[in-house]
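Summary of the model geometry
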Amino acid sequence: MADRTTSSTTIGAGRAEVMAVIADFPAYPEWAGSIKSAEVVAMGPDGRAERVRFVLDAGVINDTYTLAYTWEGDEGVRWQVVEPGRMVGDLRGSYQLAETGRGTDVTYELTVDLTVPMIGMIKRKAEKVIVDTALKGLKKRVEGRTR
């Protein structure tokens, strides 16, 4: 498994509000960068998505893949590919949330393995762009809903 890309931000809202946006997969195309659609295909016993099919359009990478989610209450969520796409061979990541006096610290970790060859430095840069774009979009979405 490749090295993970990690980044963090502080969002001016409580952990439950942040997790509600993370768990609202059908809304991802409105804020999550290159995600064109996110369809929940299986729900877990806790009422949160267990499997989600994504359609990605990130310029040269266009793909459809399915992720399985493991929820840790409002403290975090982890995911991994269960149905790879043509280009996305593996994708693993997590959001970890910690409430602070300023709001919620959110840490996003991501590892992407593509089925097409890519230079490691370029792949890590792409991962960083994905992580940073997702965190900025999440922050804007959550803070826009709580105002």
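Data block above holds the structure.
Every chain begins its residue count from 1, and numbering advances along the sequence as written. Thresholds applied to this predicted model are a pLDDT of at least 70 for local features of residues and 80 or more for the giving and counting of side-chain atom pairs; totals over whole chains, interfaces and linings are not thresholded and use all residues. As a rule here, side-chain values come from all non-hydrogen atoms in the structure, and water together with hydrogens is ignored.

**Some words on the pairing of strand β7 (residues 103-114)**
Note the threshold: The criterion for strand pairing is that DSSP finds at least two bridges linking the strands in question. The helix and strand labels rest on DSSP assignments: H or I over at least four residues marks a helix, E over at least two residues marks a strand, and numbering proceeds from the N terminus.
When strand β1 (residues 5-11) meets β7, the two strands line up antiparallel, connected through seven bridges. Bridging from a neighbouring strand, isoleucine 11 pairs with threonine 104 of β7. Pairing analysis gives 12 bridges linking strand β6 (residues 88-100) to β7, with the strands arranged antiparallel. Bridging from a neighbouring strand, alanine 98 pairs with aspartate 105 of β7. Between β6 and the antiparallel strand that follows it, β7, lie two residues.

**Details of helix α1 (residues 15-23)**
We apply this condition: Partly exposed describes any residue whose relative accessible area lies between the buried limit of under 20% and the exposed limit of over 50%, with all areas from a 1.4 Å probe on protein chains only and scaled to the type maximum. What the arc measures is the spread of directions leading from the helix axis to the C-beta atoms.
For α1, the complete set of buried residues consists of Val18, Met19, Val21 and Ile22. Seen along its axis, α1 keeps its buried residues to an arc of 155°; they face one direction.

**Focus on the sheet that holds β1**
Keep this limit in mind: Orientation is described by axes fitted as lines to C-alpha atoms, over the contacting stretch for helices, and by angles from 0 to 180 degrees between their N-to-C directions. In this description, contact between two residues means that some pair of their heavy atoms is separated by no more than 4.5 Å.
The antiparallel open sheet is built from seven strands, whose spatial order is β1-β7-β6-β5-β4-β3-β2. Each of the sheet's edge strands pairs with one partner strand only, and the pair in question is β1 and β2 (35-43). Adjacent strand axes in the sheet meet at a mean angle of 20° when their direction is disregarded. Running over the sheet, α1 touches β1, β4 (61-72), β5 (76-83), β6 and β7 and is turned about 160° from β6.

**Thoughts on the packing of aromatic side chains**
Formally: Side-chain rings of Phe, Tyr and Trp (the six-membered ring for Trp) are treated as a pair once their centres are within 6.5 Å; stacked means planes under 30 degrees apart, edge-to-face means over 60, and tilted covers the remaining angles.
Enumeration over the complete set of coordinates arrives at 12 aromatic pairs. With 5.8 Å between their ring centres and 40° between their planes, tyrosine 69 and tryptophan 79 make a pair best called tilted. One end of the pair, tyrosine 69, is in strand β4; the other, tryptophan 79, is in strand β5, and 10 residues separate them in sequence. Like tryptophan 79, tyrosine 69 is buried. Counting every residue linked through ring pairs, the aromatic cluster contains Phe25, Tyr28, Trp31, Phe54, Tyr65, Tyr69, Trp71, Trp79, Tyr95 and Tyr108.

Keep in mind that these numbers describe shape and distance, not what the molecule does.
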